[in-house]
Amino acid sequence: MSQLDKQDPRTQHPRPPFPEQTQTGSGLASAMDPAPDHGERSYRGTGRMPGYRVLVTGADSGIGRAAAIAMAKEGADVALNALPEEQDDLEEVRDVIGALGRRAVLLPGDLTDEAFCADLVRDAVSTLGGLDALVLVAGHQQVHEDVTEQTTESFDRTLKVNLYSLFWLVRAAVPRMAPGSAIVTTSSVSAHEPQARMIDYAATKSAITTYTNGLARQLASRGIRANTVVPGPVWTPLQPTSYPGDEIAHYGEGTPFGRPAQPVELGSAYVYLAGPESSYTSGSTLTVAGATGVAL
Ligand code: NAD
Ligand code: MG
């Protein structure tokens, strides 16, 4: 089966209950059960991004891995960023893309470091020979039930990963991007329906949408577009590192389709917004949330 075959969205991918599971740190795709589908086999490319040169953050796992694989299958060469401790996941992505005959350059590092963000863009441009799309998927979330117990360090990390890195990477990339290139950012349905226990995360996701919309207006005169993908619940390591194992066992159960998305179901949204087909789409959001999103 590929993503191009017509299927029933309720039963197309695994449904809960899943095995109980938790992970620490930023988590690994390889530790998830069932294994997430990032499109390694199921995504079928049709030449939608020929010769594109793309930098993807959060490219080791989850949505970022699916976006990177989809874009490579559409003909793009990709530079891939993730945290250094996720090197194993990153190497799996490199091998999948290398087997397609496309280039995958690994550029691990921490996006909370301003100097690293500038180096990342510079290195991506020099190794790929240019930059046609900046695809920002990396994100950080952490549960805090009680605002009186959250530290400044924790709040700061959420803001640095989700918001500051957006500013630092865009600032470094824009001077190197030609007319016709695109920026894609990643928000969340939480931006409009914040969970009571993750309010700093929700605030950054709302800010990402607003920032990207404003950026689209600012960059129009340069011929650069900017858009945001708004995912609903997706089966990625972000969740078992955030929530208790018994909640993960029922992850996505209460949604209209009765299951979470698999990362591959987000891939073509990034392809559309990063590639040439969306030539008149800028300042928009594309919600992929199984009927859980808020219509804007
Ligand atoms: P994921 O854990 O697979 O991906 C997040 C990635 O962010 C990590 O793999 C890591 O490489 C990267 N990252 C985190 N901190 C970093 C740092 N300091 N420096 C560099 N990289 C860092 O999870 P995912 O669900 O695929 O998340 C991708 C994006 O999708 C995030 O922005 C997340 O907020 C968003 N999102 C996810 C869901 C969901 O249900 N999974 C829903 C809505 C939005
Ligand atoms: Mg990861």
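Please read these numbers as outputs of a predicted model, since none were measured by experiment.

Looking now at the site of ligand 1. In the neighbourhood of ligand 1, 32 residues make up the surrounding shell, with S61, E86, Y201, T236 and Q239 lying closest. One of the side-chain N or O atoms of T236 is found 2.6 Å from an oxygen atom in ligand 1. In isolation ligand 1 has 800 Å² of accessible area, and contact with the protein removes 98% of it. Contributions of two or more residues to the shell around ligand 1 are made by helix 1 (62–73), helix 4 (152–173) and helix 5 (199–219).

The subject of this paragraph is the side chain of T186. You can see T186 is positioned in strand 5 (residues 182–186). Take T186: its relative accessible area is 7%, and that puts it in the buried class. Within the local environment of T186, its side chain forms a polar contact with the backbone oxygen of L136, the two atoms lying 2.8 Å apart. With residues near it in sequence (within four places) discarded, T186 still touches L136, V137, K205, I208, T228, V229, P231 and Y270.

A few words on the pattern of salt bridges. Using the criterion set out here, one finds 16 salt bridges in the structure. Of the charged contacts in the structure, one is a salt bridge between R94 and D95, with a shortest N-O distance of 3.5 Å. Assessed through its relative accessible area of 32%, R94 is described here as partly exposed. The class of D95 is partly exposed, set by a relative accessible area of 47%.

Next up on the list: helix 5. With 21 residues, helix 5 should cover 30 Å at 1.5 Å per step; its first-to-last C-alpha distance of 30 Å lies within 8% of that length. Along helix 5, the residues classified as buried are D200, Y201, A202, T204, K205, I208, T209, T212, L215, A216 and L219.

Okay, the UniProt feature "domain: Ketoreductase" (unreviewed entry) in the chain next. Here the UniProt-annotated "domain: Ketoreductase" (unreviewed entry) positions come out as residues 52–238. Counting secondary structure, residues 52–238 comes out at 44% helix and 14% strand; the distance between its end C-alpha atoms is 28 Å.

Strand order in the open sheet formed by 7 strands is 3-2-1-4-5-6-7, and the pairing between neighbours is parallel. In the strand order of this sheet, the two ends are held by strand 3 (104–106) and strand 7 (285–288), each with one partner. Across the sheet, the axes of successive neighbouring strands diverge by a mean angle of 20 degrees, strand direction being ignored. Inspection of the sheet shows strand 4 (residues 133–135) paired to strand 5 by 3 bridges, in the parallel sense. Bridge pairing links A133 to A182 in strand 5. Contacts from helix 7 (residues 264–274) reach strand 4, strand 5, strand 6 (225–231) and strand 7, with the element oriented near 165 degrees to strand 6.

Each value, and the rule that gives it
- Residues numbered from 1 in each chain as written.
- Chains lettered and ligands numbered in written order.
- Predicted model: local features only at pLDDT ≥ 70, side-chain atom pairs only at ≥ 80, totals over all residues.
- Heavy atoms only, no water.
- Near = heavy atom within 4 Å.
- Polar contact = N/O pair within 3.5 Å; in protein donor to acceptor, adjacent residues only side chain to side chain.
- Areas by Shrake-Rupley, 256 points an atom, 1.4 Å probe, with all protein chains shown as cover.
- Helix = DSSP H or I, 4+ residues; strand = E, 2+ residues; numbered from the N terminus.
- Buried < 20%, exposed > 50% of the residue type's maximum accessible area, 1.4 Å probe, protein only.
- Contact = heavy atoms within 4.5 Å.
- Salt bridge = Lys/Arg side-chain N within 4 Å of Asp/Glu carboxyl O.
- Expected span 1.5 Å × (residues − 1).
- UniProt positions renumbered as here; feature names shortened; annotations may be inferred.
- Pairing = 2+ DSSP bridges.
- Axes fitted to C-alpha atoms, helices over the stretch in contact; angles between N-to-C directions.

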